[in-house]
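Understanding the architecture of this molecule
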Amino acid sequence: MDENGNSNIAPKNMWNLPLSVFFKDARLVFKMDSLGKEILGIAFPSALAVAADPIASLIDTAFIGHLGPVELAAAGVSIALFNQASRITIFPLVSITTSFVAEENTIEKINTTAMEKQLTENIKAKSNEVMLDDHALRDIEKGATKENGETPTESLAANGDTNELMAKVLVAENVEKDGTLKSETNNGDDANTNICNKSASKTRRKKRHIASASTALLFGSILGLLQAATLILAAKPLLGAMGLKQGSPMLLPAVKYLRLRSLGAPAVLLSLAMQGIFRGFKDTTTPLYVIVSGYALNVALDPILIFHFKLGIRGAAISHVLSQYIMALALLLILMRKVDLLPPSIKDLQIFRFLKNGGLLLARVVAVTFCVTLAASLAARLGSIPMAAFQTCLQVWLTSSLLADGLAVAVQAILACSFAEKDYDKVTATATRTLQMSFVLGVGLSVIVGVGLYFGAGIFSKSVLVVHLIRIGIPFVAATQPINSLAFVFDGVNYGASDFAYSAYSLVMVSLASVTSLFLLYKSKGFVGIWIALTIYMSLRMFAGVWRMGTATGPWRFLRGRSLS
């Protein structure tokens, strides 16, 4: 037997093997029961919020594309480098914040419920005591008056119990005046309910004390400043490492774009840290409103700054930075209403817990994003035309795939809470339902992306050669959508189970294999080879998730011996 009371002996029936968990209740994938509504209630707003940034970048790409292929390629390299630097800091921070806040918030609710239950019992006992004393006092009063004609106070004084019983009289009278307790026994339950409701209401009005929230904002601020300083000061050598050597026509516009966009790094990290906090509360709607408003401003400013004020590629960067700071400020003001962001002491910040798990995810993110960044670097070495086509395909690929990240956020938040509550039935149902939803989403995206990119390739560039290469990349961009969706959701499953170590180590191995395939296929097949290697990379990411849960290892040991039919 394991720690959860489940047998470690695997069942003989192949359909009861842990691997079959992925097909559990597959017929319910479209059912809008309580679980389905909870998943979609978190996933849909989150997907829109997650997709907002790449959509804005996609629109930036379309505007910049009308400046020429050199500017488009330069922006593509800069965006790839900025995203690589951002992911190194953002994804560990956001992922850890979501899980920690969800766990901490769940534990706080459990403790609050226990306190309210104890309070209810104490109030009920006290009210019963007051009512009994009130009846006893009346009996004494009647008896005293009947026997010797003394007043109740005189009788009490004679017996030496004036203070004690008078206090009880006052309690009874005050409670009656307040209207929450009555001396009659049959109204005692109503009194308890009224007092408990007032107490619960007062508890709900209080700000939440979530130490992880304060820690996330602290790390977000520090990492944002470090990222901005690094990218601004080392723009040229970093772009050189991306393939833009001295004398390249793409170098100067790329440096301008990268340095301006890097000014928004602190706002980007703070915004995403706060999104992680809201996700931990299972609130993805509030960030959505703020993010959509911010990026709408970004899109509105693009044509004004790029074409009207003739700032060119710099205008796209400036509009992006302005929108990021507005979003960060709005989210901070909303969060300050809900959470006490000043912890009682520095010990409550859980700095070492963040550093430990953040270090694991940092290794994972470096490994994962290095493959995409290397692919962009290799495409840049092929020239401005292939790089422009690659950048367009990559933005569509990431934008459509990141829609599945909404499901990843949902499964992470729900699993973190369910594991904290030790509700393993809900853990299993949530993980399988979300994975099934992600596969269906991926199939739908394959059709939409394939058709849309084929007929819409001309939107991104006027160059016939760029459009031709975009259409060559369509089969890879479209066909990998189900694989990408599952890979993203498996990330959420691992984070929700706090399986950070496996997530890090497995993706490092995936990255090593993928980097090798990138170099080999780039040399032999060029543009097409890069996309074949990216397909291999996402397939290996998906397989790593299937292996962990399907073999019932790590946090999924409880699946062994369970009936999954």
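Here the residue numbering is sequential within each chain, running from 1 through the sequence in written order. At least 70 in pLDDT is required for a residue's local features to be given in this predicted model, at least 80 for side-chain atom pairs to be given and counted, and no such filter applies to totals for whole chains, interfaces and linings, which use all residues. Excluded from the side-chain calculation are hydrogens and water; included are all heavy atoms of the structure.

Here's the deal with empty space enclosed by the protein
In this analysis, the protein atoms alone were mapped onto a 1 Å grid. Cavities are point sets where a 1.4 Å probe fits without being able to get out; pockets are open sets with protein on both sides within 12 Å along at least five of seven lines; lining residues have an atom within 4 Å of a point. Grid points are joined across faces, edges and corners, and a volume is the space filled by probe spheres set on the points. Evaluation of the coordinates by the stated rule reveals 5 cavities of 30 Å³ or more. Taken as a whole, the largest cavity holds about 920 Å³ of empty space. V50, R87, F91, L402 and D405 are the residues nearest the centre of the largest cavity, which is lined by 46 residues in total. Only DSSP runs of H or I with at least four residues qualify as helices, and only runs of E with at least two residues qualify as strands; both kinds are numbered from the N terminus onward. Looking at the lining of the largest cavity element by element, the count peaks at 8 residues for helix α2 (residues 69-148). Amino acids outside the nonpolar list (Ala, Val, Leu, Ile, Met, Phe, Trp, Tyr, Cys, Pro) and the charged list (Asp, Glu, Lys, Arg) are all regarded as polar, and Gly is one of them. Residue classes in the lining of the largest cavity are distributed as 24 nonpolar, 14 polar and 8 charged.

A short note on the environment of L341
By the element assignment, L341 lies in the loop between α11 (313-338) and α12 (351-381). In this structure the C-alpha to C-alpha distance between L341 and T215, which are 126 residues apart in sequence, comes to 8.9 Å. We call two residues in contact whenever any of their non-hydrogen atoms come within 4.5 Å of each other. When sequence neighbours within four positions are dropped, the list of residues in contact with L341 reads A213, S214, L217, L332, L335 and M336.

Quick word on the packing of aromatic side chains
Stacked, edge-to-face and tilted labels apply to pairs of Phe, Tyr and Trp rings (six-membered ring for Trp) whose centres lie within 6.5 Å, assigned for plane angles under 30 degrees, over 60, and everything in between, in that order. One pass over the structure, following the stated rule, counts 15 aromatic pairs. Their ring planes at 10° and their centres at 5.8 Å tell us that F219 and F354 sit as a pair that is stacked. Taken together, the residues span a long stretch of sequence, with F219 in helix α6 (residues 211-233) and F354 in helix α12 at a distance of 135 residues. You can call F219 buried: its relative accessible area is 17%. To sort residues, take the accessible area from a 1.4 Å probe on protein chains only and compare it with the maximum for the residue type: under 20% means buried, over 50% means exposed, and anything in between is partly exposed.

Observations regarding the nonpolar core
Grouping buried Ala, Val, Leu, Ile, Met, Phe, Trp, Tyr and Cys residues that are joined through side-chain atoms within 4.5 Å yields what is termed a nonpolar core. One finds L239, F390 and I530 to be the most contacted residues of the largest nonpolar core, which totals 74 residues. Per-element tally for this core: the top contributor is helix α18 (residues 500-550), with 13 residues. F100, F219, L341 and F500 belong to the second-largest nonpolar core, a separate cluster that totals 34 residues.

Regarding the side chain of S95
Of note, S95 is situated in helix α2. Ignoring sequence-local partners within four residues, the contact set of S95 consists of L361, Q412 and Y495.

Examining unusual backbone geometry
You will see that K282, though not glycine, has its phi angle at about 65°, which is positive. By the secondary structure assignment, K282 is in the loop between α9 (265-280) and α10 (285-308).

Here we look at the confidence of the model for the protein
Residues of the protein with pLDDT of at least 70 account for 80%, and the chain-wide mean is 81. Scored between 0 and 100, pLDDT is the confidence that the predictor attaches to each residue. Across residues 167-189, confidence stays below pLDDT 50; counting only partners more than four residues off in sequence or on other chains, it has 34 contacts. Across residues 198-205, confidence stays below pLDDT 50; counting only partners more than four residues off in sequence or on other chains, it has 6 contacts.

Here's the deal with the environment of T434
Of note, T434 is situated in helix α15 (residues 424-456). Taking relative accessible area as the criterion, T434 reaches 0% and is therefore assigned buried. For T434 and A43, which are 391 residues apart along the polypeptide, the C-alpha to C-alpha distance reads 9.6 Å. What T434 contacts, discounting residues up to four positions off in sequence, is I39, L407, V411 and V489.

Quick notes on the side chain of T373
Mapped onto the secondary structure, T373 falls in helix α12. For T373, the contacting residues outside a window of four places in its chain are A80, Q84 and M242.

Remarks on the pattern of salt bridges
For salt bridges, the criterion is a side-chain nitrogen of Lys or Arg within 4 Å of an Asp or Glu carboxyl oxygen. A full pass over the atoms with the stated rule returns 9 salt bridges. Here K24 ties to D25 by a salt bridge, and the two come within 3.0 Å at their closest N and O atoms. Residue classification places K24 among the buried residues on the basis of a relative accessible area of 17%. Of the charged contacts in the structure, one is a salt bridge between R548 and D499, with a shortest N-O distance of 2.7 Å. Taken together, the positions of R548 in helix α18 and D499 in the loop between α17 (481-496) and α18 put the pair 49 residues apart, joining distant regions of the chain.

Quick word on the packing of α12 against α18
Helix axes are fitted only over the stretch in contact, all axes being lines through C-alpha atoms; the angle between N-to-C directions runs from 0 to 180 degrees. Taken N-terminus to C-terminus, the directions of α12 and α18 make an angle of 5°; their axes are 9 Å apart at the nearest point. As judged from the angle between their axes, α12 and α18 are roughly parallel. Of the residues that constitute the contact of α12 with α18, the class distribution is 25 nonpolar, 4 polar and 3 charged. Any angle from 65 to 115 degrees is called roughly perpendicular, while one under 35 is roughly parallel, one over 145 is roughly antiparallel, and all others are oblique.

A word on the environment of L260
Mapped onto the fold, L260 is located in helix α8 (residues 251-262). Here the alpha-carbon distance between L260 and I232, two residues 28 residues apart in the chain, equals 8.0 Å. With sequence-adjacent residues up to four places away left out, L260 is seen in contact with R314, A317, I318 and V321.

Looking at the packing of α15 against α17
For the pair α15 and α17, the least separation of the axes is 7 Å and the interaxial angle reads 145°. Helix-helix and strand crossings are classified by hand; for α15 and α17 the assignment is right-handed. Every residue of α17 that contacts α15 at T434, L435, S438, F439, G442, V443, L445, S446 and V449 is listed here: Q481, P482, S485, L486, V489 and F490. Class assignment of the residues belonging to the contact of α15 with α17 gives a composition of 9 nonpolar, 6 polar and no charged. Here is the rule for handedness: rotate from the far helix to the near one, and if that takes an anticlockwise turn smaller than a right angle the crossing is left-handed, while a clockwise turn gives right-handed.

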